[in-house]
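Fold and geometry: a report
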Amino acid sequence: MNILVCGGAGYIGSHMVKMLGTKGCNVVTFDNLSSGHADAVLSGNLVQGCLSNTQALRDLFQLYQFDAVMHFASYIQVGESVQKPAMYYQNNVANTLNLLQVMAEFKVQHFIFSSTAATFGEPQYTPIDEQHPQQPINPYGRSKWLIEQALPDFAHAYAMKSVCLRYFNAAGADPDGKLGERHEPETHLIPLVLQAASGRRKNISVFGTDYDTPDGTCIRDYIHVQDLCEAHWLALHYLQQGGASQNFNLGNGQGFSVKQVIDTAKAVTGKHIEVVYASRRAGDPARLVADSSAAQATLGWKPMLADLSTIVQHAWAWESKQVATNQ
Ligand SMILES: NC(=O)c1ccc[n+]([C@@H]2O[C@H](COP(=O)([O-])OP(=O)(O)OC[C@H]3O[C@@H](n4cnc5c(N)ncnc54)[C@H](O)[C@@H]3O)[C@@H](O)[C@H]2O)c1
Ligand SMILES: O=c1ccn([C@@H]2O[C@H](COP(=O)(O)OP(=O)(O)O[C@H]3O[C@H](CO)[C@@H](O)[C@H](O)[C@H]3O)[C@@H](O)[C@H]2O)c(=O)[nH]1
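Residues numbered from 1 in each chain as written. Chains lettered and ligands numbered in written order. Predicted model: local features only at pLDDT ≥ 70, side-chain atom pairs only at ≥ 80, totals over all residues. Heavy atoms only, no water.

The name an unreviewed UniProt entry gives the chain is UDP-glucose 4-epimerase, with Limnobacter profundi as the organism. A UniProt comment under Pathway (unreviewed entry) is attached to the chain, and it reads "Carbohydrate metabolism; galactose metabolism." The UniProt entry for the chain carries the following text under Subunit (unreviewed entry): "Homodimer." (UniProt positions renumbered as here; feature names shortened; annotations may be inferred.)

The next subject is the packing of aromatic side chains. Think of a pair of aromatic rings as described by two things: how far the centres are apart, and how the planes are tilted against each other in angle. One pass over the structure, following the stated rule, counts 7 aromatic pairs. Aromatic side chains phenylalanine 111 and phenylalanine 113 sit 6.0 Å apart centroid to centroid with 15° between the ring planes, which places their arrangement in the stacked category. Under the relative-accessibility criterion, phenylalanine 111 is labelled buried at 0%. Residue phenylalanine 113 is classed as buried on the basis of its relative accessible area of 1%. Through a chain of ring-to-ring contacts, the aromatic side chains of Phe61, Tyr64, Phe66 and Phe106 assemble into a single cluster. (Phe/Tyr/Trp six-rings, centres within 6.5 Å; stacked < 30°, edge-to-face > 60°. Buried < 20%, exposed > 50% of the residue type's maximum accessible area, 1.4 Å probe, protein only.)

Core analysis: the largest hydrophobic core is formed by 35 residues, its most contacted members being Ile3, Ile12, Leu20, Met70, Leu236 and Leu250. Broken down by element, the residue count for this core peaks at 9 residues, all from helix H7 (residues 225-240). Cys6, Ala73, Val93 and Leu99 belong to the second largest nonpolar core, which has 26 residues in total. (Core = buried A, V, L, I, M, F, W, Y, C linked by side-chain atoms within 4.5 Å. Helix = DSSP H or I, 4+ residues; strand = E, 2+ residues; numbered from the N terminus.)

In this section: helix H4 (residues 85-105). Within an α-helix, residues lying three or four positions from one another point in the same direction, as the helix has 3.6 residues per turn. Its 21 residues place the ends of H4 29 Å apart at the C-alpha level, agreeing with the 30 Å of an ideal helix rising 1.5 Å per residue. Every buried residue of H4 is listed here: Tyr88, Asn91, Asn92, Val93, Asn95, Thr96, Asn98, Leu99, Leu100, Val102, Met103 and Ala104. On its buried face, H4 is in contact with strand E1 (2-6), helix H2 (54-63), strand E4 (68-71), helix H3 (78-83), strand E5 (110-116) and helix H5 (139-158). Looking one or two residues beyond H4, the residue adopting positive phi is lysine 107, at roughly 55°. (Expected span 1.5 Å × (residues − 1). Contact = heavy atoms within 4.5 Å.)

To continue, consider the pattern of salt bridges. All chains considered together, the criterion is met by 10 salt bridges. Between arginine 220 and aspartate 284 there is a salt bridge, and its shortest N-O distance comes to 3.9 Å. Placement of arginine 220 in strand E9 (residues 219-220) and of aspartate 284 in the loop between strand E13 (275-278) and helix H9 (293-299) is noted, with a sequence separation of 64 residues between them. Taken individually, arginine 220 and aspartate 284 each receive the classification buried, so the pair is uniform in this respect. (Salt bridge = Lys/Arg side-chain N within 4 Å of Asp/Glu carboxyl O.)

For the rest of this paragraph, the subject is the sheet that holds strand E2 (residues 26-31). Taken together, 7 strands build an open sheet; the order of strands is E3-E2-E1-E4-E5-E6-E11 and the sheet is parallel. Two strands bound the open sheet, and with one partner strand each, they are strand E3 (45-48) and strand E11 (246-250). Going across the sheet, the axis of each strand differs from the next one's by a mean of 20°, ignoring polarity. Pairing geometry for E4 and E5, over 3 bridges, is parallel. (Pairing = 2+ DSSP bridges. Axes fitted to C-alpha atoms, helices over the stretch in contact; angles between N-to-C directions.)

Glancing now at the UniProt feature "domain: NAD-dependent epimerase/dehydratase" (unreviewed entry) in the chain. The UniProt record annotates "domain: NAD-dependent epimerase/dehydratase" (unreviewed entry) at residues 3-251. Taken end to end, residues 3-251 is 38% helix and 20% strand, and its two terminal C-alpha atoms sit 25 Å from one another.

See the structure below:
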């Protein structure tokens, strides 16, 4: 199978490229390296280019006959999306539409899209299943939601079938230690806590202690990046076997508070972690936990690395490697 991975030099995409390589697929990564890293692409070819360049996409599709496209490329920071919505709608919506247009032109009919829990907005109930209303509360969530809304039209007009995978909080690192999270700047809780443990960062700020949760800090559903990639692999097979377009929520179904994550990191690393209590970060819902039973029933997906300690251990091995490499 020839698979195009847009954003394959990024955190989740690079793990996917590695997995596709081990499964025997021919992988082409298309990435503008705006936040990705060329050395994270461990399988196939890396084509450096931007989704804003429709002609570059046409040239790419001319060169390879893709069976499917996995689309990880986007901007990903909620806070930044509030400050710079134009940038988010341009990259996450307009550039994705370029990709879909070229897919339609070349009759590539299987699309797997990285969507997000942020399409739901403030939850009305948890765990969040696919029937939960989608009312995104920031431009990032809305940009992903807009693509979800457009996809049925592409299915109708061009017979393009898609699976939207709405990740909850992606975390962890390649169990082989070859890949991990390298966002610059890093905004995600687990890598930041571990940087505070390794000494690369002075402390970790806890954003808000007055939420309506047992310990007052926000609750999230952390899902191992390897388990996310496995879901993509199963989604690819689902589409190839004639499965209809569908959206799936992906998480472990278990929520952990910010304080619980820090405690787990202390236990895993055995290090002192300095904690600073700060005010709430705008746009953070108190509790996001996934109901992934649809993915389990339809795709046969089952998280294999669901334990938070395992997720943090793998991320810690990666962080320790970064520290050693930078010394
Ligand atoms: N990290 C999470 O917790 C999380 C949760 C839910 C959804 N997602 C989604 O998963 C996807 C991957 O997230 P990530 O954490 O790996 O992000 P990332 O920033 O590490 O990776 C994104 C990649 O896309 C590339 N890219 C961005 N715009 C591009 C463009 N116009 N043309 C070509 N390449 C471009 C970047 O260079 C980068 O390599 C994103 O779509 C994100 O919205 C992530
Ligand atoms: O220095 C920090 C960083 C984060 N947090 C808190 O930790 C939790 C998790 O935050 P973070 O790791 O930034 O993830 P989210 O904001 O939950 O967003 C992630 O998970 C969402 C789905 O749940 C995706 O849509 C986003 O793309 C992805 O970044 C939140 O309560 C934050 O307020 C802190 O307290 N201190």
